[in-house]
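Per-entry structural report
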Amino acid sequence: MSAVLELPRGGPKHFLDLKDFSGPALRSLLDAAATFKRHCPGGKKPLAGKTLALLFEKPSTRTRVSFEVAMRELGGDVIVLSQRDMQLGRGETIADTAQVLSRYVDAIMLRTDHAAKLQELAKHASVPIINGLTELSHPCQIMADIMTFEEHRGPVAGQTIAWVGDGNNVAASFIEAAARFKFTLRLACPAGYAPREDLVAWARAEGANITLTTDPAAAVTGAACVVTDTWLSMANSESEAATRAAAFAPYQVDTALMAHAAPGAVFMHCLPAHRGEEVSADVIDGPASIVFDEAENRLHVQKAILAWSLG
Ligand code: CP
Ligand code: NVA
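A brief structural summary. (Residues numbered from 1 in each chain as written. Chains lettered and ligands numbered in written order. Predicted model: local features only at pLDDT ≥ 70, side-chain atom pairs only at ≥ 80, totals over all residues. Heavy atoms only, no water.)

A short note on the site of ligand 1
Put simply, the rule is: Only heavy atoms are used to decide nearness, and a residue is near a molecule or strand if one of them lies within 4 Å of it. Pairing of N or O atoms within 3.5 Å defines a polar contact, subject to two protein rules: one partner must be a possible hydrogen donor and the other a possible acceptor, and residues neighboring in sequence count only if both atoms are side-chain atoms. Where accessible areas are quoted, they stem from the Shrake-Rupley method and a 1.4 Å probe; at the residue level, only the protein chains shown are allowed to cover. Residues are grouped as follows: nonpolar covers Ala, Val, Leu, Ile, Met, Phe, Trp, Tyr, Cys and Pro; charged covers Asp, Glu, Lys and Arg; every other residue, Gly included, is treated as polar.
Neighbouring ligand 1 are Ser60, Thr61, Arg62, Thr63, Arg111, His138, Gln141, Cys270, Leu271 and Arg298. Contact distances for ligand 1 include 2.8 Å between an oxygen atom and a side-chain N or O atom of Arg62. Contact distances for ligand 1 include 2.7 Å between an oxygen atom and a side-chain N or O atom of Thr63. Its free accessible area being 250 Å², ligand 1 has 95% of it covered by the protein chains. Here the residues of the shell around ligand 1 sort into 2 nonpolar, 5 polar and 3 charged.

Okay, here's the thing in structure tokens:
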């Protein structure tokens, strides 16, 4: 597997963004994730003797627990650190932190709302760096989302996924995934909340079929999957909550909106969700929802990423 996934730049095998990888490389990670899901390694401990540092500048339930369990089930060890535990929180540079941690641990995952810090960490670390969410992207999540979609609806290539709501970090990784996995992505975002133009332009130049609209029904019509996310991300200020709630209210994914999707369409959400805001309770708790499969698949996908990065 590692030969297929070797990055051209060499050096540590970072997992920073989906656009850094070829489609076949991402596909081999998903194949590995499916193998891990079918056969928990049991007695085999491929990451025995390895330690992963998990650095959180923002809260997490799924990312923290799934990485920790993944590492342990593969025989490795984990150190979980928040910003306030570290000298980083008192002004030690990322460059120094990267070099010091590289002497102690075998890989580092970072969750931050400053993507520049992730890049800086990757630049100075001599061990693999994994993106555990920034304000710009969430690649581990979207790998789990593609795996989950395919378990329910078959190969994603050529199918249509509709994103409804904020053109945020999770949407950005979907845009990168559309380019790499060759599915059609329709995004319905209110004016002022569209995804970054440069990213959409990049994806289209890579051959991705991406449509932007402000009309949720137009995006959802005939789609095999409807995805949404919180109206207020961790990188956004609480002071934006009321303005955002007003802008996003017409974008709630409810049964009326889901009725426009293809028969048997699925609903996805990276979680945490806010019932009655971005999604109605009857949709997220209803038969189309595959959100807990999505959450589970974070574990299997991250095993694949760790096995590749540390392999
Ligand atoms: N989806 C996701 O990344 O969840 P956490 O914020 O709980 O890690
Ligand atoms: N867009 C959300 C995703 C949380 C997993 C956020 O950044 O807060």
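Let us keep going from here.
Details of the side chain of Glu150
Quick note on the threshold: Put simply, DSSP H or I for four residues or longer makes a helix, DSSP E for two residues or longer makes a strand, and each gets a number counted from the N terminus. The buried label applies to any residue whose accessible area, calculated with a 1.4 Å probe on protein chains only, is under 20% of its type's maximum; exposed applies above 50%, and partly exposed to all values in between.
With respect to the helices and strands, Glu150 occurs in helix α6 (residues 139-153). A residue is classified by how much of its surface remains accessible, and Glu150, at 17% relative accessible area, is buried. A distance of 2.9 Å separates a polar side-chain atom of Glu150 from the backbone nitrogen of Val156.

Overview of the packing of aromatic side chains
Put simply, the rule reads: For this analysis, a ring pair means two rings from Phe, Tyr or Trp (six-membered ring only for Trp) whose centres lie within 6.5 Å, classed as stacked if their planes differ by under 30 degrees, edge-to-face if by over 60, and tilted for the remaining angles.
Evaluation of the coordinates by the stated rule reveals 6 aromatic pairs. Taking 5.2 Å as the distance between ring centres and 40 degrees as the angle between the ring planes, the aromatic pair formed by Phe15 and Phe21 counts as tilted. Taken as a pair, Phe15 and Phe21 share a single burial class, namely buried. Chaining the aromatic ring pairs together yields one cluster made of Phe15, Phe21 and Trp308.

Describing the nonpolar core
Operational definition: Nonpolar cores are built from buried Ala, Val, Leu, Ile, Met, Phe, Trp, Tyr and Cys residues. Side-chain atoms within 4.5 Å join them into one set. By the convention used here, residues are in contact when the closest approach between their heavy atoms is within 4.5 Å.
Ranked by size, the top nonpolar core spans 65 residues in total, and within it Phe15, Phe174, Phe183 and Leu185 carry the most contacts. Per-element accounting of this core gives the leading share, 9 residues, to helix α7 (residues 169-181). Those residues in contact with Leu185 that lie beyond four places of it in its chain are Ile161, Trp163, Phe174, Ile175, Ala178, Asn209, Ile210 and Thr211.

So, the sheet that holds strand β3 (residues 107-111)
Selection criterion: A pair of strands is labelled paired if DSSP reports no fewer than 2 bridges between them. Interaxial angle, 0 to 180 degrees, is taken between N-to-C directions of lines fitted to C-alpha atoms, where a helix line uses only the stretch in contact.
Read across the sheet, 4 strands follow the order β2-β1-β3-β4 without closing on themselves; strand pairing throughout is parallel. Single-partner strands in this sheet number two, and they are β2 (77-82) and β4 (129-131). Across the sheet, the axes of successive neighbouring strands diverge by a mean angle of 20 degrees, strand direction being ignored. In the sheet, β3 pairs with β4 via 3 bridges, with the strands oriented parallel. Looking at the pairing, Leu110 lines up with Asn131 of β4. Of the strands in this sheet, β1 (51-56), β2, β3 and β4 are in contact with helix α3 (residues 62-73), which crosses β1 at around 175 degrees.

Quick word on the site of ligand 2
The full set of residues close to ligand 2 is Leu133, Asn168, Asn169, Val170, Asp229, Thr230, Ser233, Met234, Cys270 and Leu271. One of the side-chain nitrogen or oxygen atoms of Asn168 is found 3.3 Å away from a nitrogen atom of ligand 2. The side chain of Asn169 places a nitrogen or oxygen atom 2.8 Å from an oxygen atom of ligand 2. Look at ligand 2: alone it shows 270 Å² of surface, and the protein chains cover 93% of it. Residue composition of the shell around ligand 2, by class: 5 nonpolar, 4 polar and 1 charged.

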